[in-house]
Amino acid sequence: GQPVSIDQVRQMVEKGEFPEDQYKTMTEIHAALDSQMESVFREMRNIERKARESFEDLDRRSALPLVKENIDAIKARYDNPKLHSYLDDAQEHIMSNLARFKKEEQPSEPPPFPKPSAAEEEQFLEYQVNVLVDNSSTKGVPIVIETNPKYRNLFGTIERIMEKGGLWRTNFMQIKAGSLLQADGGYLVLNALDALLEPGVWPDLKRTLRHEKVEIHTYDPFYAFAPTGLKPEPIDIHLKVLMIGDAEIYHLLYSRDDDFKKIFKVRADFDVEMPKKAEAISSYTEFIKMISDDEKLKPFDKTGVAEIIEFGARLAGRQSKLSTRFNVIADVIREATYWAEKEKSKTVSRKHVLKAIDERIERVNLIEEKIQELITNGTIFIDTEGAKTGQVNGLSVYDLGEYAFGKPSRITARTALGRSGVINIEREAELSGRTHNKGVAILAGFLRGRYAQDKPLVMSASICFEQSYSGVDGDSASSTEVYAILSSLSGVPLRQDIAVTGSVNQNGEVQPIGGVNEKIEGFYSVCKAKGLTGTQGVIIPYQNIKDLMLRHEVVEAVRAGKFHVYPVKTIDEGIEILTGVKAGKRQKNGMFEPGTINDLVDKRLREFAQRWKELSEETTSP
């Protein structure tokens with residue numbers, strides 16, 4: 001009456017507790033029933049499989065129209081063969097994994113473990129879309145200004161996520177676009193020096209632009225081991241890259257990098273000045289308004305705007321130009337607003353702009369003040385009154401980079417009988433630059449051309465920048481040196497209350513120079529410190545008149561007759577102002593007008609030539 005297994009019955013037969021013939025009959029029946037059960041189970045499995053396939057087929061037939069409808073809509077919107085191929089694969093994958101989209105019944109009791117977060121599940125990661133670039137709100141072509149062109153910012157990267165166990169992992173959703181891809185179809189602007197300094201950027205940038213394909217991958221130059229399991233295929237791009245830099249970087253790349261001249265074929269120079277026309281003045285006004293609005297500054301009245309425009313012209317160094325150094329202009333606008341706020345003024349006027357300019361100079365003119373102090377206390381010899389032979393005040397510009405100023409220098413000349421010609425003491429002391437040496441050679445040519453046509457030029461003349469112990473360069477003092485030599489030869493003293501600037505050519509014409517405003521203002525400051533006499537002034541080349549943009553204080557002094565600016569075209573005009581004696585023209589007989597500067601110089605040189613001839617005859621006679 002108890003259920004037993006066939007093995008237990010066999011054991012009972014062996015012990016004689018159960019008939020053997022009955023056991024054999026039972027075994028045959030068991031085998032037959034076992035075979036029947038296998039057939040039943042096999043048939044049940046077939047039925048289950050067919051039912052499952054039927055359900056799956058039913059699911060596919062039910063879901064396929066819905067899936068296909070959405071995918072076909074995307075295909076119709078984007079006519080891209082690669083995208084269509086991807087969508088076909090996505091559709092096939094969805095239809096093969098419909099069970100993943102069925103919602104499972106939620107258990108009535110809370111699970112024994114906390115539910116994993118959405119980031120850990122990532123149930124449908126493969127169906128997500130990684131939008132690398134979104135220009136849906138961009139008007140016109142994209143324009144990207146990359147201020148920090150590091151490798152990952154420029155080319156993109158594949159980010160990695162650290163799991164709790166300390167392992168790194170990544171997926172296609174971690175692919176991030178760089179500014180090259182963001183600017184696709186438009187323009188990318190970057191700084192040339194920044195791009196050259198960043199590791200790996202310049203070679204890959206050239207490669208990308210040459211092949212018009214950008215590759216996104218992990219780039220960690222400072223880590224020895226930074227693997228990634230993804231290698232996205234290159235992306236076609238079509239854009240223009242604008243590199244901003246100075247001329248030195250451009251010429252360096254052009255001469256040293258053959259790829260540069262093939263890839264970057266258009267060069268555009270930005271001038272530091274522009275013509276002072278009505279439209280430029282209007283642009284200046286708009287710029288002032290833009291800075292004031294953007295930075296919530298006080299408005300400028302018409303006098304403040306006019307002073308800013310005048311400052312722009314002074315910064316350009318010419319009356320007909322305006323500076324395009326808008327960073328400096330913007331700084332003056334901001335500082336002028338500060339002084340207006342300090343005075344509780346509703347608007348920024350001319351006096352506030354002038355105050356800002358003066359304060360800006362005050363912060364960087366320490367060296368100028370030190371030199372002025374040395375001149376005032378007599379340590380540096382500068383005469384601003386009287387007259388002396390062979391001595392004249394020249395003008396130099398000290399350029400400190402952010403600030404330039406002018407100061408006078410005493411230039412002296414001594415002449416004597418000899419064959420040495422013009423001796424440049426600065427050159428002998430290796431303190432003279434090449435341009436200054438050329439200027440001295442040119443003035444020697446002028447002397448030969450004017451006075452040595454009918455006699456040999458038998459003269460030794462030494463010229464020197466007194467109390468100058470640093471390098472001297474530029475030819476703007478060559479006319480000054482001519483005046484000193486002419487004074488020494490003629491014996492006529494030169495006015496010390498007038499300073500001189502201008503280069504000279506071999507025809508005796510005075511040529512324009514740079515820094516004319518700084519030079520005039522520098523001598524004015526010295527004269528003001530020592531006391532204005534009403535006779536002091538500066539001789540400048542005539543062509544520099546258009547460059548005059550002097551400080552208001554100097555303009556007022558000239559207007560009041562306390563200071564003077566003399567423009568000259570030739571050496572003869574300048575020597576007449578400095579000596580008060582007529583220069584003199586050459587007459588038909590080959591001689592100069594009697595009593596003039598040229599006549600006195602010519603006579604002295606004739607005396608030198610005659611004396612040299614006599615000395616030579618005495619030396620060669622037995």
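Everything numeric here is computed off the predicted structure, so don't read it as measured data. (Residues numbered from 1 in each chain as written. Predicted model: local features only at pLDDT ≥ 70, side-chain atom pairs only at ≥ 80, totals over all residues. Heavy atoms only, no water.)

Student: I keep staring at the sheet that holds strand β21 (residues 537–541) and nothing clicks. Help me out?
Tutor: Within a sheet, each strand pairs with its neighbour through backbone hydrogen bonds, oriented either parallel or antiparallel. Ordered in space as β15-β16-β14-β13-β18-β21-β22, the seven strands form an open sheet in which the pairing is mixed. Each end of this open sheet is capped by a strand with a single partner; those strands are β15 (421–424) and β22 (564–568). Recorded for the sheet is a direction-independent mean angle of 30° between the axes of neighbouring strands. Summarising the sheet, strand β13 (residues 391–399) and strand β18 (residues 498–500) pair through two bridges and their orientation is parallel. Bridge pairing in β18 places Gly-394 opposite Val-500. Contacts from helix α17 (residues 434–451) reach β15 and β16 (460–465), with the element oriented near 160° to β15. (Pairing = 2+ DSSP bridges. Helix = DSSP H or I, 4+ residues; strand = E, 2+ residues; numbered from the N terminus. Axes fitted to C-alpha atoms, helices over the stretch in contact; angles between N-to-C directions. Contact = heavy atoms within 4.5 Å.)

Student: Sorry, what's going on with a nonpolar patch on the surface here?
Tutor: Together, Val-141, Ile-143, Ile-145, Tyr-187 and Leu-242 give the surface a local cluster of nonpolar side chains, amounting to about 480 Å² of exposed area. Take Tyr-187: it is sitting in strand β6 (residues 187–191). You can call Tyr-187 partly exposed: its relative accessible area is 37%. (Patch = residues over 30% accessible without salt bridge, like charges linked within 9 Å, V, L, I, M, F, W, Y side chains within 5 Å. Areas by Shrake-Rupley, 256 points an atom, 1.4 Å probe, with all protein chains shown as cover. Salt bridge = Lys/Arg side-chain N within 4 Å of Asp/Glu carboxyl O. Buried < 20%, exposed > 50% of the residue type's maximum accessible area, 1.4 Å probe, protein only.)

Student: What is the right way to look at α17 in this model?
Tutor: Count 3.6 residues to each turn of an α-helix, and residues three or four apart come out pointing the same way. Taking 1.5 Å per residue as the helical rise, α17 with its 18 residues ought to reach 26 Å, and the 26 Å between its terminal C-alpha atoms agrees with that figure. Burial in α17 covers these residues: His-436, Asn-437, Gly-439, Val-440, Ile-442, Leu-443, Ala-444, Gly-445, Phe-446, Leu-447, Arg-450 and Tyr-451. (Expected span 1.5 Å × (residues − 1).)

Student: So what exactly am I meant to see when it comes to the environment of Tyr-250 here?
Tutor: The residue Tyr-250 is located in helix α9 (residues 247–256) in this model. Given a relative accessible area of 21%, Tyr-250 falls into the partly exposed group. Separated by 11 residues in sequence, Tyr-250 and Lys-261 place their C-alpha atoms 9.7 Å apart. If we skip the residues at most four places from it in the chain, Tyr-250 touches Phe-260 and Arg-267.

Student: Can you walk me through the side chain of His-436 in this structure?
Tutor: Structurally, His-436 is set in helix α17. A distance of 2.9 Å separates polar atoms of two side chains, one belonging to His-436 and the other to Glu-481. Not counting the four nearest positions on each side in its chain, His-436 is found in contact with Asn-424, Glu-426, Phe-465, Val-472, Asp-473, Gly-474 and Glu-481. (Polar contact = N/O pair within 3.5 Å; in protein donor to acceptor, adjacent residues only side chain to side chain.)

Student: How should the packing of helix α1 (residues 6–15) against helix α2 (residues 20–77) be read in this particular structure?
Tutor: Packed helix pairs are specified by the crossing angle of their axes together with the interaxial distance, meaning the distance between the axes. At a closest axis distance of 10 Å, the pairing of α1 and α2 adopts a crossing angle of 160°. With respect to each other, α1 and α2 are oriented roughly antiparallel. Taken as a pair, α1 and α2 cross one another with a handedness that is left-handed. Of the residues in α2, those in contact with Ile-6, Val-9, Arg-10 and Val-13 of α1 are Glu-20, Tyr-23, Met-26 and Thr-27. Split into classes, the residues belonging to the contact of α1 with α2 amount to five nonpolar, one polar and two charged. (Parallel < 35°, antiparallel > 145°, perpendicular 65-115°, else oblique. Left-handed = near helix turned anticlockwise from the far one by under 90°. Nonpolar A, V, L, I, M, F, W, Y, C, P; charged D, E, K, R; others polar.)

Student: Is there a simple way to explain the environment of Glu-359 in this structure?
Tutor: Structurally, Glu-359 can be placed in helix α14 (residues 350–362). Look at Glu-359 and you get partly exposed, because its relative accessible area is 23%. On a C-alpha basis, the gap between Glu-359 and Glu-335 in space is 8.9 Å, while along the polypeptide they are 24 residues apart.

Student: Whenever I open this one, the sheet that holds β6 confuses me. Can you help?
Tutor: Ordered by their spatial adjacency, three strands build an open sheet running β1-β6-β9, and the pairing between neighbours is parallel. Strands at the two margins of the open sheet, each flanked by one partner only, are β1 (143–146) and β9 (240–244). Geometrically, the sheet is characterised by an average inter-axis angle of 20° between neighbouring strands, direction not taken into account. As paired elements, β6 and β9 share five bridges and run parallel to each other.

Student: Where do I start with the pattern of salt bridges in this structure?
Tutor: If the charged atoms of two oppositely charged side chains come close together, the side chains can form a pair. Counted under the stated rule, the structure contains 37 salt bridges. Between Asp-269 and Arg-267 there is a salt bridge, and its shortest N-O distance comes to 3.1 Å. Residue classification places Arg-267 among the partly exposed residues on the basis of a relative accessible area of 39%. Across the pair Glu-607 and Arg-604 runs a salt bridge, and its minimum N-O distance is 3.7 Å. Remark: Arg-604 and Glu-607 occur in helix α22 (residues 597–620); sequence separation between them is three residues, near one turn of the helix. We classify Glu-607 as partly exposed; its relative accessible area is 49%.

Student: Would you explain the pairing of β21 in this entry?
Tutor: Burial analysis of β21 places five of its five residues in the buried class, the great majority of the element. Of the pairings in the sheet, the one linking β18 to β21 comprises three bridges and is parallel in character. Bridging across to β21, Ile-498 finds its partner in Gly-537. Bridge count between β21 and β22: five bridges; the pairing is parallel. In the strand pairing of β22, Gly-537 is matched with His-564.

Student: Would you mind going over the packing of aromatic side chains with me for this structure?
Tutor: Remark: the centre distance and the inter-plane angle together describe each pair of aromatic rings, the angle taken between the planes. Applying the stated criterion to the full structure yields 15 aromatic pairs. Geometrically, the ring pair formed by Tyr-284 and Phe-326 is tilted, given 5.9 Å between the ring centres and 55° between the ring planes. Taken together, the positions of Tyr-284 in helix α11 (residues 278–294) and Phe-326 in helix α13 (residues 326–342) put the pair 42 residues apart, joining distant regions of the chain. For Tyr-284, a relative accessible area of 1% corresponds to the buried category. Look at Phe-326 and you get partly exposed, because its relative accessible area is 29%. (Phe/Tyr/Trp six-rings, centres within 6.5 Å; stacked < 30°, edge-to-face > 60°.)

Student: Any chance you could explain unusual backbone geometry here in plain terms?
Tutor: Trans is the prevailing form of peptide bonds, just as negative phi is the prevailing case for residues other than glycine. Residue Glu-212 is not a glycine yet carries a positive backbone phi of 55°. For Glu-212, the location among the structural elements is in the loop between α8 (201–211) and β7 (213–214). Phi at Lys-296 takes a positive value of approximately 55°, unusual for a residue other than glycine. In this fold, Lys-296 is placed in the loop between α11 and α12 (302–316).

Student: What should I look at first to understand a negative patch on the surface in this one?
Tutor: Judged by side-chain charge, Asp-358, Glu-362, Glu-369 and Glu-373 come together as a negatively charged surface patch. At the level of elements, α14 and α15 (366–376) are the ones that each hand at least two residues to the negative patch. Its place among the elements puts Asp-358 in helix α14. (Lys, Arg positive; Asp, Glu negative; His and termini not counted. Charge placed at Lys NZ, Arg CZ, Asp CG, Glu CD.)

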